[in-house]
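A closer look at the structure
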Amino acid sequence: GQQLNQSPQSMFIQEGEDVSMNCTSSSIFNTWLWYKQDPGEGPVLLIALYKAGELTSNGRLTAQFGITRKDSFLNISASIPSDVGIYFCAGQRSYGNKLVFGAGTILRVKS
Amino acid sequence: DTGVSQDPRHKITKRGQNVTFRCDPISEHNRLYWYRQTLGQGPEFLTYFQNEAQLEKSRLLSDRFSAERPKGSFSTLEIQRTEQGDSAMYLCASSLVAVWEQFFGPGTRLTVL
């Protein structure tokens, strides 16, 4: 079963608002990755984090790797309708190893 | 398109039938992964290959499931005697050995009636 806890489970926000979601684990991961999945499609990689404490941006997205290596968060600034989808965090213990996913955060945006 | 490709995209089968899915990884990616995703959940790891060697299998991969990557390029995932509980999205991902990022294909949606 899932080992990562994502929150919130879903969000319904106004276009233009900032969004925050996070992911926690009971065990340590050495990499955190954030993916977005649209209905009927595979997950698309958004951001990868490699070091504890690291803060990384990709356009309107900002993600941080928690200092304890047991958590990560993702922020989306100035949300737009195309941000709709399911966001997954994934942890990895060593490179090339399997990913462990959270259950996802569903983002719905009011236009 | 140089991304991961999967075929078919959708498969509907009757319980008890065998099905086979194919995954073509990104060219030169030597690691290939299979995940399964059920509704409302994140993907769950099934198995992975480095070149043609199958290096790890999850407990989710019952003896009805078999995966191969005979020449270290494309891979197949076969499910024998399908059950309704096998209905899910089967995702394939690929990566290079010495990097963290995995890139996913569009998935194969399996429905077992």
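Definitions and cut-offs
Residues numbered from 1 in each chain as written. Chains lettered and ligands numbered in written order. Predicted model: local features only at pLDDT ≥ 70, side-chain atom pairs only at ≥ 80, totals over all residues. Heavy atoms only, no water. Disulfide = S-S within 2.5 Å. Helix = DSSP H or I, 4+ residues; strand = E, 2+ residues; numbered from the N terminus. Contact = heavy atoms within 4.5 Å. Buried area = accessible area lost by both parts, 1.4 Å probe. Salt bridge = Lys/Arg side-chain N within 4 Å of Asp/Glu carboxyl O. Polar contact = N/O pair within 3.5 Å; in protein donor to acceptor, adjacent residues only side chain to side chain. Nonpolar A, V, L, I, M, F, W, Y, C, P; charged D, E, K, R; others polar.

This part takes up the state of the cysteines. Residues and elements named next belong to chain A. The full count for this structure, using the stated rule, is two disulfides over all chains. Across the disulfide from Cys 23 sits Cys 89; the S-S distance is 1.9 Å. Of note, the bridge from Cys 23 to Cys 89 carries an S-S torsion of about 50° and is right-handed in sense. Within this pair, whereas Cys 23 is found in strand S3 (residues 19–25), its partner Cys 89 is found in strand S9 (residues 85–92), the two being separated by 66 residues in sequence.

Next up on the list: the interface of chain B and chain A. Contact with chain B, which involves 25 residues of that partner, is made by 26 residues of chain A. Between chain B and chain A the total buried area reaches about 2,000 Å² when both faces are included, carbon and sulfur atoms providing 54% of it. Sorting the residues of chain B by area buried against chain A places Trp 100, Glu 101 and Phe 104 of chain B first, and these three jointly supply 32% of that buried surface. Our count for the chain B to chain A interface comes out at two salt bridges. For the salt bridge of Glu 56 of chain B with Lys 98 of chain A, the shortest nitrogen-to-oxygen distance reads 3.1 Å. Inspection of the region where chain B meets chain A yields nine residue pairs in polar contact (both at pLDDT 80 or more). Mapped by element, the contributors of at least two residues to the side of chain B that touches chain A are strand S4 (31–37), strand S5 (44–50), strand S9 (88–95) and strand S10 (103–104) of chain B. The greatest single-element share of the side of chain B that touches chain A, amounting to four residues, is contributed by S4 of chain B. A per-class count over the side of chain B that touches chain A returns 14 nonpolar, six polar and five charged.

Geometric values such as these leave the question of function open.
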